[in-house]
Amino acid sequence: QFQLAVPVAVVFAPGSVPGDLPRPLPFRDVQETEIPVNLKTTVTTRYETIYRSTTAQEEAALGAATAREADAALHPLQDTSLGSLTMYVVPEMSSLLPQGVSVYVGKHRSALVRAGGGLAALRARLQQLTQVMAFTVSSITAALSDRVPDGQLGPDARRHLKSSLGYEITFSLLNPDPKSHAVDWDIEDAVNRYVQPVLDKLSLVANFSVDSQILYYAVLGVTPRFDKESSSFLLSAHSLPHVINPVEARLGSSAASLYPVLNFLLYVPERSHSPLYIQDKDGAPVSTNAFHSPRWGGIMVYNVEAPASPQTSLPLHVEVDMVRVMEVFLAQLRLLFGLSREELPPEFLLESPGNEGLADWELDRLLWAHTVENIATVSTTLTSLAQLLDKIGNIVIKDDVASEVYRAVASAQSAVAELAVGHLHSAFQASKEAVTSSERAFFDPSLLHLLYFPDDQKFAIYIPLFLPMAVPILLSLAKIVQETRQRKKEPTKLD
């Protein structure tokens, strides 16, 4: 039974305090809601809110010219612990927020909210804001997707990657026609400039390794359709799933990997199939000319402009625009980690996270989901292990395996307890330790069930060996018993 506690601070700037506050500032308020996952699992969300006035430093920071400057100035003054939220309520006529915007979400763990409409309207707005910045019912049920009945899951619930201690990212350049195209891409510089800042931010979640490769003569495996009107080749939406398998056979990256592999493929179509465009379900061209596969990765088609004159010598040198490519791959990376921005009302303004790729509150949102998923995974692993041990009565459990099980249980209980008091960072670390210990115990070589034979197999092995020896012994025993009985029947002779 999960209890997720979110510490929220609602800070009122001068002139923004609603007149219908139930009691004078500061005061605390607690709101609880229950999310039923299945018959055995429930998630209780607990928002522990403290209402207070701004300090002198916060008041000075809110005097900035723009919301972005105010967000940067407020960052050092607020609670920076993971999972905590700070919401600053500014007067209704404040020029800090742009016209028509009532909520500004910064790139740290704070937001600016325009006052107005009384306490009830403010609370409704704050509740909507906590749903955006912490977690929603859909994000928690997606984390517990293995326990949720299929009918209750949203369409995107199984899109993102499962929680893991590590991930491997592979960037592949597919050049099926090296005779026509000599493709050059500066992948190392692009990874350092665009991907590494995102991975540095995500390093708290898991370990990452990045590699790249160039594959020649690797085709998509699906023949595109030629469109006379546009003089181009088209890949329809229903043919895209058939692209993955032929390409994956050439990648060879996941064969020896301990962790999930994310594949990002840049495909330069051969000259005979250029230009190549991807269509969506409605038949319209996809603006990015790319698509992604849930829990697998993404593919982008990079068209090369035809040479101006037919006498141009081949192969044609192609320099890949890495900015355009990395924009697409980073968007796909966010989708695979479940960081897609949900549809928000028009009065909400979200600050761009910049070069880091994700805001602090988005990292917290990911940690909430992964912590819950890790605890559920530990529960499933240890239950499966217990069932295995019950099934095989004579199995030998070594002390090191037993200690791993005890450590996994203790860490999982610690993670649940830390979640209940709102300590997200320590809860996530404890859940990672629990997963590591439970996996070590479950996959210990001494617990391989093939090492232990069921009783019927033992009889089948030993009876053919002992039966030839047992027959004369049994016959001798029967003869001895028979002779003993005969002696008892014969009358004893007395002299």
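Definitions and limits used
Residue numbers restart at each chain and count upward from 1, following the sequence in its written direction. A pLDDT threshold of at least 70 governs which residues receive local features in this predicted model, and a stricter bar of 80 or more applies before side-chain atom pairs are shown or counted, although totals over entire chains, interfaces and linings include all residues. To obtain the side-chain values, all non-hydrogen atoms of the structure were used and water was disregarded. By this definition, two strands are paired if DSSP reports at least two bridges between them. We count a stretch as a helix when DSSP gives it H or I for four or more residues in a row; a strand needs E for two or more, and each element gets its number in order from the N terminus. In this description, a line fitted to the C-alpha atoms serves as the axis of each element, helices being fitted only across the stretch in contact, and the angle between N-to-C directions of two axes falls anywhere from 0 to 180 degrees. One less than the residue count of a helix, multiplied by 1.5 Å, gives the span that helix is expected to have. For every residue, the accessible area obtained with a 1.4 Å probe (protein chains only) is divided by the maximum for its type, and the residue is called buried under 20%, exposed over 50%, and partly exposed between those limits. It is the directions from the helix axis to the C-beta atoms whose arc is reported. For each structure, a 1 Å grid was placed over the protein atoms alone; sets of points admitting a 1.4 Å probe that cannot get out are labelled cavities, open sets with protein on both sides within 12 Å along at least five of seven lines are labelled pockets, and lining residues have an atom within 4 Å of a point. Grid points are joined across faces, edges and corners, and a volume is the space filled by probe spheres set on the points. When residue character is reported, Ala, Val, Leu, Ile, Met, Phe, Trp, Tyr, Cys and Pro are called nonpolar, Asp, Glu, Lys and Arg charged, and the others, Gly included, polar. For the purposes of this description, domain bounds are those given by an automatic or database domain assignment. Patch membership requires more than 30% relative accessible area and the absence of a salt bridge. Residues of like charge join within 9 Å; the nonpolar side chains Val, Leu, Ile, Met, Phe, Trp and Tyr join within 5 Å. Accessible surface is estimated by sampling points in the Shrake-Rupley manner with a 1.4 Å probe; for residues, cover comes only from the protein chains shown. By salt bridge we mean one thing: a side-chain nitrogen of Lys or Arg within 4 Å of a carboxyl oxygen of Asp or Glu. His is not counted, nor are the chain ends; Lys and Arg add positive charge and Asp and Glu add negative charge. All charge positions are set by atom: Lys at NZ, Arg at CZ, Asp at CG, Glu at CD. Between the rings of Phe, Tyr and Trp (Trp by its six-membered ring), a pair exists once the centres lie within 6.5 Å; its type follows the angle of the planes, with under 30 degrees stacked, over 60 edge-to-face, and the other angles tilted. Residue contacts follow a heavy-atom distance rule, with two residues in contact if any of their heavy atoms lie within 4.5 Å.

### Details of the sheet that holds strand 10 (residues 225-227)
What links the strands of a sheet is backbone hydrogen bonding, and the strands pair in either a parallel or an antiparallel sense.
Logical step 1: Pairing is mixed in the open sheet, where 3 strands are placed in the order 10-11-13. One side of each edge strand has no neighbouring strand; the edge strands of this open sheet are strand 10 and strand 13 (276-278). Here the strands of the sheet are splayed against their neighbours by 40 degrees on average, with no regard to which way each runs.

### Structural notes on the environment of glycine 354
Logical step 1: Along the chain, glycine 354 falls in the loop between strand 17 (348-350) and helix 8 (360-391).
Logical step 2: Spatially, the C-alpha atoms of glycine 354 and lysine 107 are 8.6 Å apart, while their sequence positions differ by 247 residues.

### Side note on helix 3 (residues 118-133)
Along an α-helix, a turn takes 3.6 residues, which lines up residues three or four apart on a common side.
Logical step 1: End to end, helix 3 covers 23 Å across 16 residues, agreeing with the expected 22 Å (1.5 Å per residue, within 8%).
Logical step 2: Taken together, the buried positions of helix 3 are Leu119, Leu122, Leu126, Leu129, Thr130, Val132 and Met133. What you see down the axis of helix 3 is that its buried residues fit within an arc of 150 degrees, all on one side.

### Observations regarding empty space enclosed by the protein
Logical step 1: One pass over the structure, following the stated rule, counts 2 cavities of 30 Å³ or more.
Logical step 2: For the second largest cavity, the calculated volume is near 40 Å³.
Logical step 3: Along its surface, the second largest cavity is lined by Val198, Leu202, Leu330, Leu333, Arg334, Phe337, Leu339, Gly357 and Leu358.
Logical step 4: Elements that contribute at least two residues to the lining of the second largest cavity include exactly helix 5 (187-202) and helix 7 (322-336).
Logical step 5: Looking at the lining of the second largest cavity element by element, the count peaks at 3 residues for helix 7.
Logical step 6: By residue class, the composition of the lining of the second largest cavity is 7 nonpolar, 1 polar and 1 charged.

### So, the layout of surface pockets
Logical step 1: Estimates place the volume of the second largest pocket at around 380 Å³.
Logical step 2: Taken together, 17 residues line the second largest pocket, and the ones lying closest to its centre are Ser164, Leu165, Tyr259, Val435 and Glu439.
Logical step 3: Where the lining of the second largest pocket is concerned, the elements lending two or more residues are helix 8 and helix 10 (424-442).
Logical step 4: Here the lining of the second largest pocket gets 6 residues from one element, more than from any other, and that element is helix 10.
Logical step 5: Grouping the constituent residues of the lining of the second largest pocket by class yields 7 nonpolar, 5 polar and 5 charged.
Logical step 6: Taken domain by domain, the lining of the second largest pocket gets at least three of its residues from each of domain 2 (161-337) and domain 3 (360-447).

### Remarks on a negative patch on the surface
Logical step 1: On the surface, Asp184, Asp186, Glu188 and Glu319 cluster together into a patch of negative charge.
Logical step 2: Its location among the elements puts aspartate 186 in the loop between strand 8 (181-184) and helix 5.

### A few points about the packing of aromatic side chains
Logical step 1: All chains considered together, the criterion is met by 10 aromatic pairs.
Logical step 2: Relative to tyrosine 51, the ring of phenylalanine 12 has its centre 6.3 Å away and its plane inclined at 20 degrees; by these criteria the two rings are stacked. A residue pair is termed long-range when its members are at least 10 positions apart, and phenylalanine 12 in strand 1 (residues 2-12) and tyrosine 51 in strand 3 (residues 42-53) qualify at 39 residues.
Logical step 3: We classify phenylalanine 12 as buried; its relative accessible area is 1%.
Logical step 4: We classify tyrosine 51 as buried; its relative accessible area is 4%.
Logical step 5: Between phenylalanine 171 and phenylalanine 329 the ring centres are 5.9 Å apart and the planes differ by 40 degrees, which places this aromatic pair in the tilted class. Here the residue phenylalanine 171 occupies a position in strand 7 (residues 166-175), and phenylalanine 329 occupies one in helix 7, the gap between them amounting to 158 residues. Across this residue pair, the class does not change: phenylalanine 171 and phenylalanine 329 are buried.
Logical step 6: Put simply, the rings of Phe12, Phe27 and Tyr51 touch in pairs and so form one group of aromatic residues.

### So, unusual backbone geometry
Logical step 1: Cis geometry marks the peptide bond from leucine 25 to proline 26; its omega dihedral reads -10 degrees.
Logical step 2: Look at the link from serine 274 to proline 275: it is a cis peptide, with omega at -10 degrees.
Logical step 3: Here the phi dihedral of serine 231 falls at roughly 55 degrees; this positive angle occurs in a residue that is not glycine.
Logical step 4: Residue class for serine 231 comes out partly exposed when judged on its relative accessible area of 46%.
Logical step 5: One non-glycine residue, arginine 295, adopts positive backbone phi at about 60 degrees.
Logical step 6: Mapped onto the elements of the fold, arginine 295 is located in the loop between strand 14 (290-293) and strand 15 (297-301).
Logical step 7: Overall, arginine 295 belongs to the partly exposed group, its relative accessible area being 31%.

### As for the pairing of strand 16 (residues 316-319)
Logical step 1: Residues Leu316 and Val318 of strand 16 are buried on one face, while the alternating residues His317 and Glu319, pointing to the opposite face, are not.
Logical step 2: Sheet topology note: the strand 8/strand 16 ladder contains 4 bridges and is parallel. Residue valine 183 lies in a different strand from strand 16, and its bridge partner there is valine 318.

### Some details on the sheet that holds strand 4 (residues 85-90)
Logical step 1: The sheet built from 7 strands is open, its strands ordered 2-3-1-4-6-5-17 with mixed pairing. The strands lining the two open edges of the sheet, one partner per strand, are strand 2 (27-36) and strand 17. Between one strand axis and the next, the sheet turns through 20 degrees on average, direction left out of account.
Logical step 2: Sheet contacts for helix 2 (residues 67-74): strand 4, strand 5 (103-105) and strand 6 (110-114); angle to strand 6, the most-contacted strand, approximately 135 degrees.

### Overview of a nonpolar patch on the surface
Logical step 1: A contiguous nonpolar surface patch, about 950 Å² in accessible area, is contributed by Ile461, Tyr462, Leu465, Phe466, Met469, Ile473, Leu474, Leu477 and Ile480.
Logical step 2: You can see isoleucine 461 is positioned in helix 11 (residues 455-489).
Logical step 3: Here isoleucine 461 falls in the partly exposed class, since its relative accessible area comes to 44%.

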